[in-house]
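# Chains, contacts and geometry: an overview
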Amino acid sequence: MIVIEGIDGVGKSSLVDNLIKGDYKLDTDKVYKLVITDVVKHGMYVPSDIIIDYDKEQFNKIRLELKEVLNKLSSYSKNDTILKSDLVYYYNCIMIGYLEIAKMITPVLNQLENNGYTIIADRWIMSTIAYNGSIKNTFISKLIEDTPKSRTPFVLADNKYRINRKGGNERYYAISHMVNNYMKGIKSPDVTIYLTCDPREVHNRIVTLRGETDHFEDKDKLTRTHKVYNMIINDINNKCIVNTGKLKTFNTEYGSLFNIEDTELRNEAIKLRINMLALRVKDYIKNIK
């Protein structure tokens, strides 16, 4: 299982697609693309050669409840005022919902692996933790607040996700115990590819390519989420960290390639960057096998 992580707009989806069907695709014919946000929106697609091993009724109940919360949060415009207590409630619901979904589909992912599939995931548990931690007073932000400066609260030990329960105060212990119960049994990746970039450049990319940002993509939220990602990535095993804003050929006379006004030239430059990124990631995966 290969997981691609990073804030919105950093290039995860482009890399996933390139590794599956691009110029530098992985050397395997059996690839399963997992996009956890799509699972929540549309349900779980399972190939015909895989035995479905989860409670579909309960899965769809949780999925639809989570989808409703996400839609409600996304419906707020930039000019709307959200009560801080409501925002904390939404983000905690989203984290718990994603963790429950991840736990429910883990048996399916294990079956995919057993049948010879390579799973490439556009986000997994790290993003759930990072986005929750970006909002003050949420579960993860409180863990970070109560964590001694000498370490971080998030670890991947014995190939299992868990929150470090050593140190901290009573609140820390209570929250870490609760979050660990939700994470218990969730499939851990064999490889984590973390794409990082200056959030200001990422915000510029999104605005340049789409012309607008959603609730999760404003500059402040991207910056806060990026900070939490950088805090927890150090404790992840088998990781490859790539700064997508600093690869040599990306430094053009225009500064950022997203400042290139010629659309055709800009698209060619973006394609080159994606190819370089896919080649680097493919080499990394090959070297750790």
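Here the structure is shown first, and the text comes after it.
This is a predicted model, so every value here is computed, not measured.

### Some words on the overall build of the protein
If you tally the helices and strands in the protein, you get ten helices and seven strands. The buried share of the protein, reckoned over its 289 residues, is 50%. Put simply, of all contacts in the protein between residues at least 6 apart along the chain, 74% involve residues at least 24 apart.

### Section: the side chain of Thr225
Along the polypeptide, Thr225 turns up in helix α9 (residues 219-232). Residue class for Thr225 comes out buried when judged on its relative accessible area of 1%. In contact with Thr225, other than residues within four places in its own chain, are Ile7, Ala130, Tyr131 and Ser134.

### Focus: helix α1 (residues 12-21)
Taken residue by residue, α1 has Lys12, Leu15, Val16, Asn18 and Leu19 as its buried positions. Around the axis of α1, the buried residues are gathered within 165° of arc, so they sit on the same side.

### Some thoughts on the pairing of strand β1 (residues 2-5)
Every second residue of β1 is oriented toward a common face, with Ile2 and Ile4 on one face and Val3 and Glu5 on the other, all of them buried. By the bridge criterion, three bridges tie β1 to strand β3 (residues 118-122) in an arrangement that is parallel. Within β3, the residue paired with Ile2 across the bridge is Ile120.

### Remarks on the packing of aromatic side chains
Scanning the model with the defined rule gives three aromatic pairs in all. Judged by centre distance (6.4 Å) and plane angle (5°), the ring pair of Tyr32 and Tyr45 falls under stacked. With Tyr32 in strand β2 (residues 31-35) and Tyr45 in the loop between α2 (36-42) and α3 (56-74), the pair connects residues that are 13 residues apart, well separated along the chain.

### Comments concerning the sheet that holds β2
Spatially, the five strands line up as an open sheet ordered β2-β3-β1-β6-β7, and their pairing is parallel. What marks the edges here is a single partner per strand, and that holds for β2 and β7 (239-243). The sheet shows a mean angle of 15° between the axes of neighbouring strands, taken without regard to direction. Pairing between β1 and strand β6 (residues 191-196): four bridges, direction parallel. Bridged to Ile2 within β6 is Val191. Across the sheet, helix α4 (residues 84-114) lies against β2 and β3, angled at about 160° from β2, the strand it touches most.

### What to know about unusual backbone geometry
The phi dihedral of Arg123 falls on the positive side, at around 80°, and the residue is not glycine. Checked against the element boundaries, Arg123 lands in the loop between β3 and α5 (125-133). Within the chain, Asn137 stands out as a residue other than glycine whose phi angle is a positive 80°. Take Asn137: it is sitting in the loop between α5 and α6 (139-146). Owing to a relative accessible area of 39%, Asn137 belongs among the partly exposed residues under this scheme.

### Let's talk about the pattern of salt bridges
Evaluation of the coordinates by the stated rule reveals eight salt bridges. Linking Asp49 and Lys30 is a salt bridge whose minimum nitrogen-to-oxygen distance equals 3.8 Å. You can see Asp49 sitting in the loop between α2 and α3 and its partner Lys30 sitting in the loop between α1 and β2, a full 19 residues away along the chain. A relative accessible area of 34% means that Asp49 is categorised as partly exposed. A salt bridge links Arg171 to Asp146, with the shortest nitrogen-to-oxygen separation between them at 2.8 Å. With Arg171 in helix α7 (residues 170-183) and Asp146 in helix α6, this residue pair connects regions lying 25 residues apart in the sequence. Each member of the salt-bridge network shares a partner with another, and the members are Glu145, Asp146 and Arg171.

### Details of the packing of α5 against α6
Packing of α5 against α6 brings their axes to within 6 Å, and their N-to-C directions diverge by 80°. By the criterion of interaxial angle, the relationship of α5 to α6 is roughly perpendicular. On α6, the residues touching Ile129, Asn132 and Gly133 of α5 are Phe139, Ile140 and Ser141. Class assignment of the residues belonging to the contact of α5 with α6 gives a composition of three nonpolar, three polar and no charged.

### Concerning the layout of surface pockets
Size it by volume and the second largest pocket reaches roughly 410 Å³. The wall of the second largest pocket is formed by 16 residues, among which Gly133, Ser134, Ile135, Lys136 and Arg224 lie closest to the centre. Every element with two or more residues in the lining of the second largest pocket is listed here: α4, α6 and α9. Element by element, the count of residues in the lining of the second largest pocket is highest for α9, at four residues. Class assignment for the residues of the lining of the second largest pocket results in seven nonpolar, four polar and five charged.

Definitions and cut-offs
- Residues numbered from 1 in each chain as written.
- Predicted model: local features only at pLDDT ≥ 70, side-chain atom pairs only at ≥ 80, totals over all residues.
- Heavy atoms only, no water.
- Helix = DSSP H or I, 4+ residues; strand = E, 2+ residues; numbered from the N terminus.
- Buried < 20%, exposed > 50% of the residue type's maximum accessible area, 1.4 Å probe, protein only.
- Contact = heavy atoms within 4.5 Å.
- Arc of directions from axis to C-beta.
- Pairing = 2+ DSSP bridges.
- Phe/Tyr/Trp six-rings, centres within 6.5 Å; stacked < 30°, edge-to-face > 60°.
- Axes fitted to C-alpha atoms, helices over the stretch in contact; angles between N-to-C directions.
- Salt bridge = Lys/Arg side-chain N within 4 Å of Asp/Glu carboxyl O.
- Parallel < 35°, antiparallel > 145°, perpendicular 65-115°, else oblique.
- Nonpolar A, V, L, I, M, F, W, Y, C, P; charged D, E, K, R; others polar.
- 1 Å grid on protein atoms, 1.4 Å probe; cavity = no way out; pocket = protein on both sides within 12 Å on 5 of 7 lines; lining within 4 Å.
- Points joined across faces, edges and corners; volume = space filled by probe spheres on them.

Interpretation in functional terms is not warranted from these geometric data alone.
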